[in-house]
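Listed below, chain by chain, are the residues.
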Amino acid sequence: MSLKVLQFGASGQMAREAVRHAAHHGVTLTALPREVADLSDPAAIEAIVMAADADLIINAAAYTAVDKAESERDLAFQINGQSPGAIARACAARGLPFVHVSTDYVFNGSGSRPWREDDPVDPINAYGDSKRAGEDAILASGARAVILRTSWVFSAHGTNFVKTMLRLANRPELNVVADQVGRPTFAGDLAQAALTIGAQLAADRSAPAGVFHFAGAGAVSWFEFAEAIFAQAGHRGGAPVPVIHPIPSRDYPTPAARPANSVLDCARVERAFGIVPRSWRDGLEQTLAELASAPA
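Residues numbered from 1 in each chain as written. Predicted model: local features only at pLDDT ≥ 70, side-chain atom pairs only at ≥ 80, totals over all residues. Heavy atoms only, no water.

Participant: Outline helix 6 (residues 187-203), listing residues and values.
Facilitator: Along its 17 residues, helix 6 runs 24 Å from first to last C-alpha, staying within 8% of the 24 Å computed at 1.5 Å per residue. Among all positions in helix 6, only Ala187, Gly188, Asp189, Leu190, Ala191, Ala193, Ala194, Leu195, Ile197, Gly198 and Leu201 are buried. (Helix = DSSP H or I, 4+ residues; strand = E, 2+ residues; numbered from the N terminus. Expected span 1.5 Å × (residues − 1). Buried < 20%, exposed > 50% of the residue type's maximum accessible area, 1.4 Å probe, protein only.)

Participant: For the packing of helix 3 (residues 73-94) against helix 4 (residues 126-141), give the residues involved together with the corresponding values.
Facilitator: When two helices pack together, you describe them by how their axes are tilted relative to each other and by the distance separating the axes. At a minimum axis separation of 8 Å, helix 3 and helix 4 run at an interaxial angle of 15 degrees. In terms of their interaxial angle, helix 3 and helix 4 are classed as roughly parallel. By crossing handedness, the relation of helix 3 to helix 4 is classed as right-handed. For the pair formed by helix 3 and helix 4, the contact residues are Arg73, Ala76, Phe77, Asn80, Gly81, Pro84, Gly85, Ala88, Arg89 and Ala92 on the first element and Ala126, Tyr127, Asp129, Ser130, Lys131, Arg132, Ala133, Gly134, Ala137, Ile138 and Ser141 on the second. Of the residues belonging to the contact of helix 3 with helix 4, the class tally is ten nonpolar, six polar and five charged. (Axes fitted to C-alpha atoms, helices over the stretch in contact; angles between N-to-C directions. Parallel < 35°, antiparallel > 145°, perpendicular 65-115°, else oblique. Left-handed = near helix turned anticlockwise from the far one by under 90°. Contact = heavy atoms within 4.5 Å. Nonpolar A, V, L, I, M, F, W, Y, C, P; charged D, E, K, R; others polar.)

Participant: Can you explain the environment of Ala191? Please cite residues and give values.
Facilitator: Note that Ala191 resides in helix 6. The exposure class assigned to Ala191 is buried, which follows from its relative accessible area of 0%. Along the chain, Ala191 and Val19 lie 172 residues apart, while their C-alpha atoms are 8.7 Å from each other. Every residue in contact with Ala191, bar those within four places of it in the chain, is listed here: Met14, Glu17 and Ala18.

Participant: Residues and numbers for the pairing of strand 3 (residues 56-59), please.
Facilitator: With burial as the criterion, each face of strand 3 is covered, one bearing Leu56 and Ile58 and the other bearing Ile57 and Asn59. Note that strand 1 (residues 3-8) and strand 3 share four bridges and pair parallel. Along strand 3, the bridge assignment pairs Gln7 with Ile58. For strand 3 and strand 4 (residues 98-103), the ladder comprises three bridges, and the chain directions are parallel. Residue pairing for strand 4: Ile58 is matched across the bridge by Val99. In the classification by handedness, the crossover that spans strand 3, the intervening helix 3 and the parallel strand 4 is right-handed. (Pairing = 2+ DSSP bridges. Right-handed = clockwise from strand over helix to strand, strands pointing away.)

Written as structure tokens, this is what we have:
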């Protein structure tokens, strides 16, 4: 019998990829858009879970406007902090497993080694702080939940760094930050990781829960990521290649501070669930191919 999954989020990058890959994972997935499930209303969200005909809950919805969160802190905390806690409490009451997506921005970006799941969180912006609040609420709920932290998500959908770079490709020169490092993550790979983990949680009550990291294999700076985007797009004949200049973060000020080191250690998810992240370059190639084949 097919696993019934209720997913919060329908139009985001990971949410759309989960819908795409659900059948391959033996899953019947119902994705709730914001019009049906508004995460700014935690009480309504909790009621949805309590009434749901589902074997597993996935939260692929979030407030992700990092800079805007500095001026919309209360809204960010409702969506990223309070509602995930409400979902988790309802899951705990019903005995439903829960997979929630979080972020590298819960860390302060210090040091040079990859961040492990048990490293102390210390967010440096409102968005990261709101996601930390969600993690805390889930862990306190008693739910059998997996918090899946990820980083630098991209796909052919929505707004992301790959699409931004391609949109700016007609400029002769670009300045790109070179002192922030992370692991780019293809949304399709993230969605499949969440579905794999969720299926194991639903099938085996002894499956591990808690915090795990999942990101594309390989660490790069935003500057190096941009170089790869234009190299692969240019190779496909899909875009002109501007001259890219590496710059420090101080030369590109933003309302929200960004962590310098966002590299996540993903060894634990491989040990626990057998999930081995593939290179982000493979995901980039897939994304560029999808964008190239999309109707103009």
